[in-house]
Amino acid sequence: MRAAFESGQLSSVELTTTHLARIAEVDPEICAFTEVTRDDALRSATRLDDERRSGENCGPLHGVPVTLDECFDLAGHATTLGLVSRQGAVATRDSDLARALRSAGAVILGRTNLSQLLLSPESDNPVFGRTSNPFSPRHAGGGGAAAVAAGLTPLAFCSDQRVSAHFCGVAAFVPSLGRLLNRDRFGRTSLLARNVADIEVGLDALPAAALASIDARIPPVVDAPAPALRGLTVGVLHDSGVIPPSSALIGALERAGDALRAVGVRVEPVAVADLDELFFAAFELLLADGGRAMIDALIDESVTEALRSLHKLVRVPRAVRAGLERIAKLSGDKESARVIAGIGEKTATELQALEDKVDSIRRAMLEAWQKSGLAAILCPPYATPAVTHGGSAELLIASSYSLPWTAVGLPAGVVPKSKQRTACGYACWNASQSAMTSS
C-alpha cells in the first residue's frame, strides 16, 4: 500500500473508500467494529492526498488505514470497555496512541470490539455484542484480530490480543514493556497484521525516540536490527506444565521448527523452569484485590458468557472457595484447585511476596536462556485452537502459554503457521530481546 502511494498508483482516498466498503459488506456478519469513523477517515485521507501532491510527507504511514481497540480514547467518543454504565464516558482528547498514529500519517478507520473489562480472549460485551471468527461463525474472535483476518484493516492496534490473533489466523506482536504507548489504557499494546512484515512496518512507524516525547517513561532507544537467522538457537517449548496443548498446536510447532531448520536455525527442545509457578503467580496478581474491581465494575451489568465463571468465583465467600478447592484436589484437578486458591484479596506483604516471586523467576529464566544462547522460545500461544463462543470461560489455564510472558514484561508474538476449516494452530514467538528480531 505504501509503495502504491509513493508510485502514484493509488490514493489514500481510494484505499480508505475500499476498506470502508469492505467493512460495510462484511462487518455486519462478524461484528469486529464498535464504530466506524467514516467521515473523519475520509477527511483525513483527502488531506493526506493533498499534502502528498504538494510534496509533503506526513510520516511512515502516510495514508495507510489502521484501527484502534475501543479502549483507546478518541475525542468525542465514549470509551466503554464493554460496560453499559460507561456509555456516557466521552473522551475529551485523543489517546496518546491515536495522536502518535495521526502524526505518523495513518488514517483511523474506527475502533474495534473487545472483551468486557479486557479480561477475556473473546471480544464480547453487552454494549457492542459478540465478535465472530471470520472463518467460522461458531468460533470466537477478537475485534482487531477479526478485522485484520477479514481484510477490513491492514493494521490493528489493540489491547493484548495475541490469543485472539491465534484464533483468527493473523500475526500479532506485543513489544517489551515500555516500548509502545499504553498510558491511556490497561495492560500492554499489541500490533496485529496479516504477516510479520506488516507488523514491522507498524512498529517502525512508531519509533521509541518519537514516542518518548509523548511519554517520558519510554526510553528514546533505537530498535536493534534483525540478526541473520542462520546460526541462531531457538528453543521449542511443548508444554507449559499446567495443561498440555492440543495435537493441532503440537503439529504447528513441529512445522514451525522444520521451517526454521530449513534456513539454518538450530532448533532444540527446551524446558522453562517454574513456568507453571509463574503462571499461577501472575494469575494471583491479576486478582490481588480479590476481584473487587471486577465486582464493582459489573454491578448492574450483564456479564458475558466468557467472564461468567470467573465473576462467580470471585464473588463467593472465602469458605465456599476453600470447599471448592478441596473438591478439585480430591478429584485430581490440581490446576483448578490452584486457580481457586489464588483468588482472594492480598495483604501488602502477600502482594510483595508475589511480586518478588515473579521477579525471581524472571531473573532465573533470563540467566538460563543467556547461558544456553537462546535467541527465542517457540511455543503455543494457547492450549487449544479457536474456541467456540464462551469456551474460554472454562479454560482459564489455557492462557498458561501467554500470560507468563506478559507477567515478566518480555516481548511476545503469534505467527500463523497452519489453518484448518474451523480452527487453527499457531506458533508463539517469545523473544528475550527488547524488540522483535526474527520471525
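Scroll up a little and you will see the structure.
First, a word on scope: everything that follows refers to the structure included in this document. (Residues numbered from 1 in each chain as written. Predicted model: local features only at pLDDT ≥ 70, side-chain atom pairs only at ≥ 80, totals over all residues. Heavy atoms only, no water.)

### Some details on the overall build of the chain
Moving on, step 1. Each helix and strand counted, the chain has 16 helices and 15 strands in total.
Moving on, step 2. Against the compact-globule benchmark of 22 Å for 439 residues, the chain has a radius of gyration of 21 Å, which places it among compact chains.
Moving on, step 3. Over its C-alpha atoms, taken along the principal directions, the chain stretches across nearly 70 × 55 × 45 Å.
Moving on, step 4. Taken over 439 residues, the chain has a buried fraction of 56%.
Moving on, step 5. Within the chain, residue pairs in contact and separated by at least 24 positions form 72% of the contacts whose partners lie at least 6 positions apart. (Helix = DSSP H or I, 4+ residues; strand = E, 2+ residues; numbered from the N terminus. Rg over C-alpha atoms; globule rule 2.2 N^0.38 Å. Buried < 20%, exposed > 50% of the residue type's maximum accessible area, 1.4 Å probe, protein only. Contact = heavy atoms within 4.5 Å.)

### A closer look at helix 14 (residues 334-342)
Moving on, step 1. Looking at helix 14, one finds that the buried residues are Glu-335, Ala-337, Val-339, Ile-340 and Gly-342.
Moving on, step 2. Those residues of helix 14 that are buried are in contact with helix 10 (275-286), helix 12 (305-315) and helix 13 (318-330).
Moving on, step 3. Gly-344 sits one or two positions beyond helix 14 and adopts a positive phi of about 150 degrees.

### A look at the nonpolar core
Moving on, step 1. Membership of the largest hydrophobic core comes to 34 residues, with the highest contact counts inside it found for Leu-61, Leu-68, Leu-101, Phe-157 and Leu-206.
Moving on, step 2. Those elements that provide at least two residues to this core are strand 2 (65-69), helix 4 (96-103), strand 8 (155-158), strand 9 (171-174), strand 10 (190-193), helix 7 (196-204) and helix 8 (208-211).
Moving on, step 3. A per-element tally of this core places helix 4 first, with 4 residues.
Moving on, step 4. Setting aside its immediate chain neighbours within four residues, Phe-157 contacts Val-66, Thr-67, Leu-68, Asp-69, Phe-72, Leu-97, Leu-101, Ser-190, Leu-191 and Leu-206.
Moving on, step 5. Core analysis: the second largest hydrophobic core is formed by 31 residues, Phe-167, Ala-282, Met-294 and Ala-386 among them. (Core = buried A, V, L, I, M, F, W, Y, C linked by side-chain atoms within 4.5 Å.)

### What to know about the pairing of strand 10
Moving on, step 1. On strand 10, burial covers both faces: Ser-190 and Leu-192 on one face and Leu-191 and Ala-193 on the other are all buried.
Moving on, step 2. Here strand 8 runs beside strand 10; their pairing, made up of 4 bridges, is antiparallel. Along strand 10, the bridge assignment pairs Ala-156 with Leu-192.
Moving on, step 3. Bridging between strand 9 and strand 10 involves 3 bridges; their strand directions are antiparallel. Looking at strand 10, one finds that Ala-171 is bridged to Ala-193. (Pairing = 2+ DSSP bridges.)

### With respect to the pairing of strand 3 (residues 107-112)
Moving on, step 1. For strand 3, the tally of buried residues reaches 6 of 6 residues, placing the bulk of the element in the interior.
Moving on, step 2. Where strand 1 (residues 33-36) meets strand 3, 3 bridges bridge the pair, whose relative direction is antiparallel. Within the sheet, the bridge partner assigned to Glu-35 lies in strand 3 and is Arg-111.
Moving on, step 3. As judged from the 5 bridges shared by strand 2 and strand 3, these two strands associate in the parallel manner.

### Points about the pattern of salt bridges
Moving on, step 1. Under the criterion given, the structure shown has 20 salt bridges.
Moving on, step 2. Note that Glu-35 and Arg-111 form a salt bridge whose closest N and O atoms lie 2.7 Å from each other. Linking Glu-35 in strand 1 with Arg-111 in strand 3, this pair joins segments that are 76 residues apart in sequence.
Moving on, step 3. Across the pair Arg-179 and Asp-223 runs a salt bridge whose closest N-O atoms are separated by 2.8 Å. Note that Arg-179 is positioned in the loop between strand 9 and strand 10 and Asp-223 in the loop between helix 8 and strand 11 (233-236), a separation of 44 residues in sequence.
Moving on, step 4. Assessed through its relative accessible area of 5%, Arg-179 is described here as buried.
Moving on, step 5. For Asp-223, a relative accessible area of 23% gives the class partly exposed. (Salt bridge = Lys/Arg side-chain N within 4 Å of Asp/Glu carboxyl O.)

### Comments concerning the packing of aromatic side chains
Aromatic rings in a pair are described by how distant their centres are and how their planes are angled relative to each other.
Moving on, step 1. For the structure on display, the rule yields 4 aromatic pairs.
Moving on, step 2. Centroid distance Phe-167 to Tyr-382: 5.4 Å. Interplanar angle 90 degrees. Geometry classified as edge-to-face. Taken together, the residues Phe-167 in helix 6 (residues 162-168) and Tyr-382 in the loop between strand 13 (374-379) and helix 16 (403-407) connect sequence positions 215 residues apart. One exposure class covers both Phe-167 and Tyr-382, and it is buried. (Phe/Tyr/Trp six-rings, centres within 6.5 Å; stacked < 30°, edge-to-face > 60°.)

Such coordinate-based values are descriptive only and should not be taken to indicate function.
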